[in-house]
Amino acid sequence: GAVVSQHPSWVICKSGTSVKIECRSLDFQATTMFWYRQFPKQSLMLMATSNEGSKATYEQGVEKDKFLINHASLTLSTLTVTSAHPEDSSFYICSATRPRYNEQFFGPGTRLTVL
Amino acid sequence: AQTVTQSQPEMSVQEAETVTLSCTYDTSESDYYLFWYKQPPSRQMILVIRQEAYKQQNATENRFSVNFQKAAKSFSLKISDSQLGDAAMYFCAYLINYGGATNKLIFGTGTLLAVQP
């Protein structure tokens, strides 16, 4: 149990376009989802915390207008990178938690390349 | 501020041997959890082992065990009988239990483990 999926697994887009990444909890209801960014050979950097039905909480230094997060249901959160630029190229990972569980379950990640 | 330090950027071990990865953390909280995650080349984060701070007994999962020294704020991972599949980036992580689902994970910088045949 506790499987989290992400779609797409990789995406290439042109500079200036927007890209949406989906994160789904497949076999449990996730009250909270987290979005991370990871550069090559570096650790995970938390971007935002997403709660179902409410606005996401962004970490300091993360542009909320650039990275739009929507947690529309207990099994789906989306991250939209708006007006993407080459510096937004990175590996984006989501995770989800269940109520009363102090553990995060991670998706397989999405590699974004902006040309 | 809560921080997690992994002082070994890279480690190497011979197949079938034992290796220990170091992790220290800084916190003033008393209720927290510690984790070791493995990230293989596929980049899927895999939970290796977890430790609740209130438990004195060190956690073990098959070939993986931890040495949890709460007073020293140390949480090292020992991998016994190393296998080629253990080669990966290992992240130590810390989570404060505020009683809700929004508890954040604080990650260390990672240790890249190579396993030599």
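Our structure's up above, just so we're on the same page.
Rules of the game
Residues numbered from 1 in each chain as written. Chains lettered and ligands numbered in written order. Predicted model: local features only at pLDDT ≥ 70, side-chain atom pairs only at ≥ 80, totals over all residues. Heavy atoms only, no water. Helix = DSSP H or I, 4+ residues; strand = E, 2+ residues; numbered from the N terminus. Buried < 20%, exposed > 50% of the residue type's maximum accessible area, 1.4 Å probe, protein only. Contact = heavy atoms within 4.5 Å. Areas by Shrake-Rupley, 256 points an atom, 1.4 Å probe, with all protein chains shown as cover. Lys, Arg positive; Asp, Glu negative; His and termini not counted. Charge placed at Lys NZ, Arg CZ, Asp CG, Glu CD. Phe/Tyr/Trp six-rings, centres within 6.5 Å; stacked < 30°, edge-to-face > 60°. Salt bridge = Lys/Arg side-chain N within 4 Å of Asp/Glu carboxyl O.

Undergrad: Honestly, the overall build of chain A in this entry has me stumped. Any pointers?
TA: Each helix and strand in chain A was counted, giving zero helices and 11 strands. Counted from the first residue to the last, chain A has its helices and strands arranged as β-β-β-β-β-β-β-β-β-β-β. Taking all 115 residues of chain A together, the buried fraction comes to 53%. Here the contacts in chain A between residues at least 6 apart in sequence split such that 54% fall between residues at least 24 apart. Accessible surface, chain A as shown: approximately 5600 Å² in total, 52% of it carbon and sulfur. Across chain A, 11 positive and 9 negative side-chain charges occur, with their mean positions spaced 3 Å apart.

Undergrad: Would you explain the packing of aromatic side chains in this entry?
TA: Each aromatic ring pair is summarised here by two numbers: the centre-to-centre distance and the angle between the ring planes. Scanning the entire structure with this criterion turns up 14 aromatic pairs over all chains. Judged by centre distance (5.2 Å) and plane angle (80 degrees), the ring pair of Phe106 of chain A and Tyr37 of chain B falls under edge-to-face. Of this pair, Phe106 of chain A sits in strand S10 (residues 105–106) while Tyr37 of chain B sits in strand S5 (residues 32–39), on two different chains. Taken as a pair, Phe106 of chain A and Tyr37 of chain B share a single burial class, namely buried. For the pair Phe106 of chain A and Phe107 of chain B, a centre-to-centre distance of 6.3 Å together with 65 degrees between the ring planes defines the contact as edge-to-face. In this pair, Phe106 of chain A sits in strand S10 while Phe107 of chain B sits in strand S11 (residues 105–107), so the two residues belong to two different chains. For the residue pair Phe106 of chain A and Phe107 of chain B, the accessibility class agrees, reading buried in each case. Through successive ring pairs, a cluster of aromatic residues spans Tyr36 and Phe106 of chain A together with Phe35, Tyr37, Phe91 and Phe107 of chain B.

Undergrad: Just to check I follow, could you spell out the environment of Asp31 of chain B for this structure?
TA: Topologically, Asp31 of chain B is positioned in the loop between strand S4 (24–26) and S5. Filtering out sequence-adjacent residues up to four positions away, Asp31 of chain B remains in contact with Ile96 and Asn97 of chain B.

Undergrad: Explain the pattern of salt bridges to me, please; I cannot follow it from the model alone.
TA: Where charged atoms from two side chains of opposite charge come close, those side chains can pair. Counted under the stated rule, the structure contains eight salt bridges over all chains. Linking Glu22 of chain A and Arg24 of chain A is a salt bridge whose minimum nitrogen-to-oxygen distance equals 3.5 Å. Judged by relative accessible area, which is 34%, Arg24 of chain A ranks as partly exposed. Among the salt bridges present, the one from Lys55 of chain B reaches Glu52 of chain B, with a minimum N-O distance of 3.8 Å. A relative accessible area of 39% means that Lys55 of chain B is categorised as partly exposed.

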